[in-house]
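Observations on chain architecture
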Amino acid sequence: MTHRKRALITGITGQDGSYLSEFLLEKGYEVHGIIRRTSTFNTDRIDHIYEDPHTLNAKLFLHYGDLTDATTLRRVLEEVQPTEVYNLGAQSHVRVSFDSPAYTVDSVAMGTLHLLEAIRDYQHRTDIQIRFYQAGSSEMFGKVQEIPQTETTPFYPRSPYACAKVYAHWQTINYREAYNLFACNGILFNHESPRRGETFVTRKITRALARIVAGQQKKLYLGNLDTKRDWGYAKDYVKAMWLMLQQDAPDDYVVATGETHSVKEFLEIAFGYVNLDWHEYVAFDERYLRPAEVDLLIGDASKAKQLLDWQPSVSFETLVHLMVEADLKGLGLIPLNGHTVQLVTDTATVRHTMPM
Ligand SMILES: Nc1nc2c(ncn2[C@@H]2O[C@H](COP(=O)(O)OP(=O)(O)O[C@H]3O[C@H](CO)[C@@H](O)[C@H](O)[C@@H]3O)[C@@H](O)[C@H]2O)c(=O)[nH]1
């Protein structure tokens, strides 16, 4: 009898955690996630796949824990006995990491160390190998050293978040070399979707745009519009995580589209989709500037393409459109021919024609 594959995911309530859970459940995995206790519900991204654990065929299970709590991580690992662990949990907002550097480092750097330690001891005691995925970030490249960025480009982190990710990256390599752990680093460039957190710039823009179209908001305040990012589609990126853990040997991979676009270009396409001129709505607020910025990210994913047979499937323009559409739909609005949106209310259908 083959043993069912069992995954443990930190950060399961986030954008990537939810897409990865869906992906693994479709592949027949039993999925376990660690969630933090909060005073408000934080599981909306996974509610649609969650089943009461008393159900006979339940395949998704949640455990309370926190990356800063080593004892609990160890206990959950022992209870679940996963075949794969995906470490996606973090204080992942770069700007916020300047305000809360110690918490960011605790969750990102020390959290990864706690998990690696727990896996190392489990493997030593049971002789069973757990495959480990570490969510690395293109933020680690920071100040431009090389274009495009590859697995061998030197890191030059520019925020507490990025410094902590660099530590987690090297600690993962160190445990691979020192204790023979099957541990991989994915160096993922920015990846977005309708499930992206509302304070990251792409979702902040598409959500505000929908509210502007609906007449609920007049202005959108942003920081630096000239920075450039390599933006891909999150659903494509979680597949790359899984592929890394299915290889014969552990390794590190850049995951990116190979294209870079500025925040201005994102605004242009998003507002253009509903025929609005972003200049009329976007205002500057220095609150959203970072004390040190990462100006340009563009990744070379040749290694992932060659060895994992991985490809991004969504173009930049399509990504922007699908995010705008999702936020419009969230407010009951539907884009038609680029000019018209239809507002579906409980009692009637109202048509709004957007200005040309
Ligand atoms: N969040 C935000 N960013 C803004 C704003 N205005 C301009 N920006 C600029 O938009 C760019 C992207 O910002 P974010 O969307 O916050 O993402 P990030 O800092 O690039 O970090 C994301 O990607 C990393 C991978 O490279 C991830 O590791 C990280 O967790 C996060 O998801 C940055 O240069 C930021 O200065 C604003 O109002 N809010």
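Residues numbered from 1 in each chain as written. Predicted model: local features only at pLDDT ≥ 70, side-chain atom pairs only at ≥ 80, totals over all residues. Heavy atoms only, no water.

A look at the overall build of the protein
Tallying secondary structure elements over the protein gives 10 helices and 16 strands in all. A compact globule built from 356 residues should have a C-alpha radius of gyration of about 21 Å, and the protein, at 21 Å, falls within 12% of that. Taken along its principal axes, the extent of the C-alpha atoms in the protein is 65 × 50 × 40 Å. Within the protein, buried positions represent 52% of all 356 residues. A fraction of 76% describes how many contacts in the protein between residues 6 or more apart in sequence connect residues 24 or more apart. Carbon and sulfur atoms make up 49% of the accessible area of the protein, which totals about 16,600 Å². Side-chain charges of the protein comprise 37 positive and 45 negative groups, with the mean position of each set lying 2 Å from the other. (Helix = DSSP H or I, 4+ residues; strand = E, 2+ residues; numbered from the N terminus. Rg over C-alpha atoms; globule rule 2.2 N^0.38 Å. Buried < 20%, exposed > 50% of the residue type's maximum accessible area, 1.4 Å probe, protein only. Contact = heavy atoms within 4.5 Å. Areas by Shrake-Rupley, 256 points an atom, 1.4 Å probe, with all protein chains shown as cover. Lys, Arg positive; Asp, Glu negative; His and termini not counted. Charge placed at Lys NZ, Arg CZ, Asp CG, Glu CD.)

Some points on the site of the ligand
By nearness alone, 24 residues border the ligand, and Ser137, Ser138, Tyr161, Arg290 and Glu293 come closest of all. Glu293 is positioned with one of its side-chain polar atoms (N or O) 2.5 Å from an oxygen atom of the ligand. If you list the elements that add at least two residues to the shell around the ligand, you get helix 6 (201-213) and strand 8 (220-222). When grouped by side-chain class, the residues that make up the shell around the ligand number nine nonpolar, nine polar and six charged. (Near = heavy atom within 4 Å. Polar contact = N/O pair within 3.5 Å; in protein donor to acceptor, adjacent residues only side chain to side chain. Nonpolar A, V, L, I, M, F, W, Y, C, P; charged D, E, K, R; others polar.)

Some thoughts on the packing of aromatic side chains
In the structure shown here, the tally under the stated rule is 11 aromatic pairs. On the numbers, 6.5 Å between centres and 65° between planes, the contact of Tyr19 with Tyr233 is edge-to-face. Taken together, the residues span a long stretch of sequence, with Tyr19 in helix 1 (residues 15-26) and Tyr233 in strand 10 (residues 232-233) at a distance of 214 residues. Residues Tyr19 and Tyr233 agree in their burial class; the two are buried. Within the aromatic cluster, the residues linked to one another by ring pairs are Phe141, Phe155 and Phe189. (Phe/Tyr/Trp six-rings, centres within 6.5 Å; stacked < 30°, edge-to-face > 60°.)

A closer look at the side chain of Thr206
Along the chain, Thr206 falls in helix 6. With a relative accessible area of 0%, Thr206 lands in the buried category. Once residues lying within four places of it in the same chain are set aside, the contact partners of Thr206 are Phe266, Met323, Val324 and Asp327.

Observations regarding the packing of helix 6 against helix 8 (residues 263-273)
At their nearest, the axes of helix 6 and helix 8 sit 10 Å apart, and the two run at 30° to each other. When the axes of helix 6 and helix 8 are compared, the pair comes out roughly parallel. By crossing handedness, the relation of helix 6 to helix 8 is classed as right-handed. Where helix 6 abuts helix 8, its residues Val201, Thr202, Ile205, Thr206, Leu209 and Ile212 lie against Val263, Phe266, Leu267, Ala270 and Phe271. By residue class, the composition of the contact of helix 6 with helix 8 is nine nonpolar, two polar and no charged. (Axes fitted to C-alpha atoms, helices over the stretch in contact; angles between N-to-C directions. Parallel < 35°, antiparallel > 145°, perpendicular 65-115°, else oblique. Left-handed = near helix turned anticlockwise from the far one by under 90°.)

Let's talk about the packing of helix 6 against helix 10 (residues 316-330)
Between helix 6 and helix 10, the least distance of the axes is 8 Å, while the angle of their chain directions is 45°. Taken as axis vectors, helix 6 and helix 10 run oblique relative to one another. Crossing hand, helix 6 versus helix 10: right-handed. Every residue of helix 10 that contacts helix 6 at Thr202, Arg203, Thr206, Arg207, Leu209, Ala210 and Val213 is listed here: Met323, Val324, Asp327 and Leu328. A per-class count over the contact of helix 6 with helix 10 returns six nonpolar, two polar and three charged.

Some thoughts on helix 10
Along an α-helix, residues three or four apart share an orientation, since each turn contains 3.6 residues. Over its 15 residues, helix 10 extends 21 Å from the first C-alpha to the last, a length consistent with the 21 Å expected when each residue adds 1.5 Å. Along helix 10, the residues that are buried comprise Phe316, Leu319, Val320, His321, Met323, Val324, Asp327 and Leu328. For helix 10, the secondary structure elements touched by its buried residues are strand 7 (191-192), helix 6, strand 10, strand 12 (261-262), helix 8 and strand 14 (333-336). (Expected span 1.5 Å × (residues − 1).)

A word on a negative patch on the surface
Negative charge collects at one region of the surface, where Glu265, Glu268, Asp277 and Glu280 lie side by side. Mapped onto the fold, Glu280 is located in the loop between helix 8 and strand 13 (282-284). We classify Glu280 as exposed; its relative accessible area is 52%. (Patch = residues over 30% accessible without salt bridge, like charges linked within 9 Å, V, L, I, M, F, W, Y side chains within 5 Å. Salt bridge = Lys/Arg side-chain N within 4 Å of Asp/Glu carboxyl O.)

Notes on the nonpolar core
Ranked by internal contacts, the top residues of the largest apolar core, which has 75 residues, are Leu24, Tyr86, Tyr133, Ile205, Leu267, Phe271 and Trp310. Broken down by element, the residue count for this core peaks at nine residues, all from helix 7 (residues 234-245). In this structure Trp310 touches Asp236, Tyr237, Ala240, Leu243, Val255, Ala256, Ala301, Ala304 and Lys305, once residues within four positions along its chain are discounted. Ranked by size, the runner-up nonpolar core spans 19 residues in total, among them Val76, Leu77, Leu116 and Ala183. (Core = buried A, V, L, I, M, F, W, Y, C linked by side-chain atoms within 4.5 Å.)

Thoughts on the side chain of Glu293
Inspection of the secondary structure puts Glu293 in the loop between strand 13 and helix 9 (302-308). In this structure the side chain of Glu293 is engaged in a polar contact, spanning 3.4 Å, whose partner is the side chain of Arg229. With sequence-adjacent residues up to four places away left out, Glu293 is seen in contact with Arg158, Asn224, Thr227 and Arg229.

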